[in-house]
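# Structural description and commentary
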Amino acid sequence: MNVLGIDIGGSGIKGAPVDTVTGTLLAERLRIPTPSPSAPGPVAEVVRRIVEHFSWTGPVGITYPGVVVDGVTRTAANVDHAWIDLDARKLFADATGLDVTVLNDADAAGVAEARFGAGRDRGGLVVMLTFGTGIGSALIMDGVLVPNTEFGHIEIKGHEAEHRASDHAREEHDLSWDKWAHRVQEYLERIQALLSPSLIIIGGGVSKKADKFLPHIELTGTPLVPAILQNEAGIIGAALAARPVQTP
């Protein structure tokens, strides 16, 4: 089954059709900068443009950088606050005229990595952490998603973790990779203490540069690996979430 996956991020909105059996993109992804301000209307227009670009008429999976419950966006940490308590599923369905599924962006990335990437065939608790504009988190227990965790907002040294250790924070404070890695290590040690995961996967844009910071991190007792699907994970996970249910 082929599904169009669209990944809404703080800086860009990316989309591509996905083969949900193999987890591969069927065309080169299209990326459009996230509107500023990132209000629902302009974002929905970008989603419509991506659908139109691929001449898509089938199901669509869409990620959102915040908590999503039954298609309603409940939080808005890194986007316009007009998203809070908005029926995003209806917004995107109205904009595209298609059947859409909406889920948290880190959850989508985690599902994709668990199915096709670094967490494949891994039992126990797998934690996916995406470092970008903020820090997203996904928990996968024996292959099953525990949705809408928000571990990027735990407090470390009096500040939200993502305000200290996101990739945006690294750029904003002009941190070297090794200094940023020290902040990431503090965060990972807290996650390890809280959850005792069998594996931690590092995703988001920084996963492409894992060689610059992972060598500076030592996490005893928990394997730490970069995401295999990198920036495509959100697109693939969105598509997986929107697959029609197979009936016998």
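As the structure is a prediction and not an experimental result, all values here were calculated from the model. Sequence order as written defines residue numbering, which begins from 1 separately in each chain. Local features in this predicted model are restricted to residues whose pLDDT is 70 or higher, and side-chain atom pairs enter the listing and the counts only when it is 80 or higher, whereas totals over whole chains, interfaces and linings include all residues. Note: side-chain values were computed over all heavy atoms of the structure, leaving out hydrogens and water.

It is worth spelling out the nonpolar core at this point. Residues enter a nonpolar core if they are buried and are Ala, Val, Leu, Ile, Met, Phe, Trp, Tyr or Cys, with the set joined through side-chain atoms within 4.5 Å. Type-normalised accessible area, obtained with a 1.4 Å probe on protein chains alone, sets the label of each residue: buried when under 20%, exposed when over 50%, and partly exposed for intermediate values. Counting 47 residues, the largest nonpolar core has Ile6, Val60, Ile62, Trp83 and Phe92 as the members making the most contacts within it. Under the scheme used here, helices are H or I runs from DSSP no shorter than 4 residues and strands are E runs no shorter than 2 residues, and both carry numbers assigned from the N terminus. With six residues, the single largest contributor to this core is helix α1 (residues 40-53). In contact with valine 60, not counting residues within four places along its chain, are Val3, Leu4, Ile6, Leu98, Asp99, Val100, Thr101 and Ala242. In this structure, Phe131, Ile135, Ile156 and Trp180 belong to the second largest nonpolar core, which totals 28 residues. Whether two residues touch is decided by their heavy atoms; if any such pair falls within 4.5 Å, the residues are in contact.

Let us look at helix α8 (residues 233-241). The α-helix winds at 3.6 residues per turn, so residues separated by three or four positions along the chain end up facing the same way. The buried fraction of α8 amounts to eight of the nine residues, a majority that puts the element mostly inside the structure. Listed in full, the buried residues belonging to α8 are Ala233, Gly234, Ile235, Ile236, Gly237, Ala238, Ala239 and Leu240. Residues of α8 that are buried sit in contact with β1 (2-8), β2 (12-19), β3 (24-25), β5 (60-64), β9 (100-104) and α3 (105-116).

Okay, unusual backbone geometry next. Cis geometry is found at the peptide bond from serine 36 to proline 37, where omega equals 0°. Summarising the element assignment, proline 37 is placed in the loop between β4 (30-33) and α1. Positive phi outside glycine occurs at aspartate 174, with the angle close to 50°. Assignment of secondary structure puts aspartate 174 in the loop between α5 (167-172) and α6 (177-195). The class for aspartate 174 is exposed, based on a relative accessible area of 69%. In this structure, serine 196 takes a positive phi of about 50° despite not being glycine. With respect to the element layout, serine 196 can be found in the loop between α6 and β15 (199-203).

Burial within strand β11 (residues 135-141) is extensive, with six of its seven residues counted as buried. Note that strand β10 (residues 125-131) and β11 share seven bridges and pair antiparallel. Residue pairing across strands places threonine 130 opposite glycine 136, the latter belonging to β11. Between the end of β10 and the start of β11, which pair antiparallel, lie three residues. In terms of strand pairing, β11 meets strand β12 (residues 144-146) through three bridges, oriented antiparallel. Opposite leucine 139, over in β12, you have valine 146 as the bridge partner. Hairpin remark: β11 followed by β12, antiparallel, with two residues in the connecting loop; positive phi at aspartate 142, about 50°. Criterion used throughout: strands pair if DSSP finds at least two bridges between them.

This paragraph deals with the side chain of threonine 96. Assignment of secondary structure puts threonine 96 in helix α2 (residues 88-96). Assessed through its relative accessible area of 16%, threonine 96 is described here as buried. Of the polar contacts made by the side chain of threonine 96, one reaches the backbone oxygen of phenylalanine 92; its length is 2.8 Å. If we skip the residues at most four places from it in the chain, threonine 96 touches Val47, Arg48 and Val51. Two N or O atoms form a polar contact when they lie within 3.5 Å of each other; inside protein one atom must be a possible hydrogen donor and the other a possible acceptor, and for residues adjacent in sequence the pair counts only when both atoms belong to side chains.

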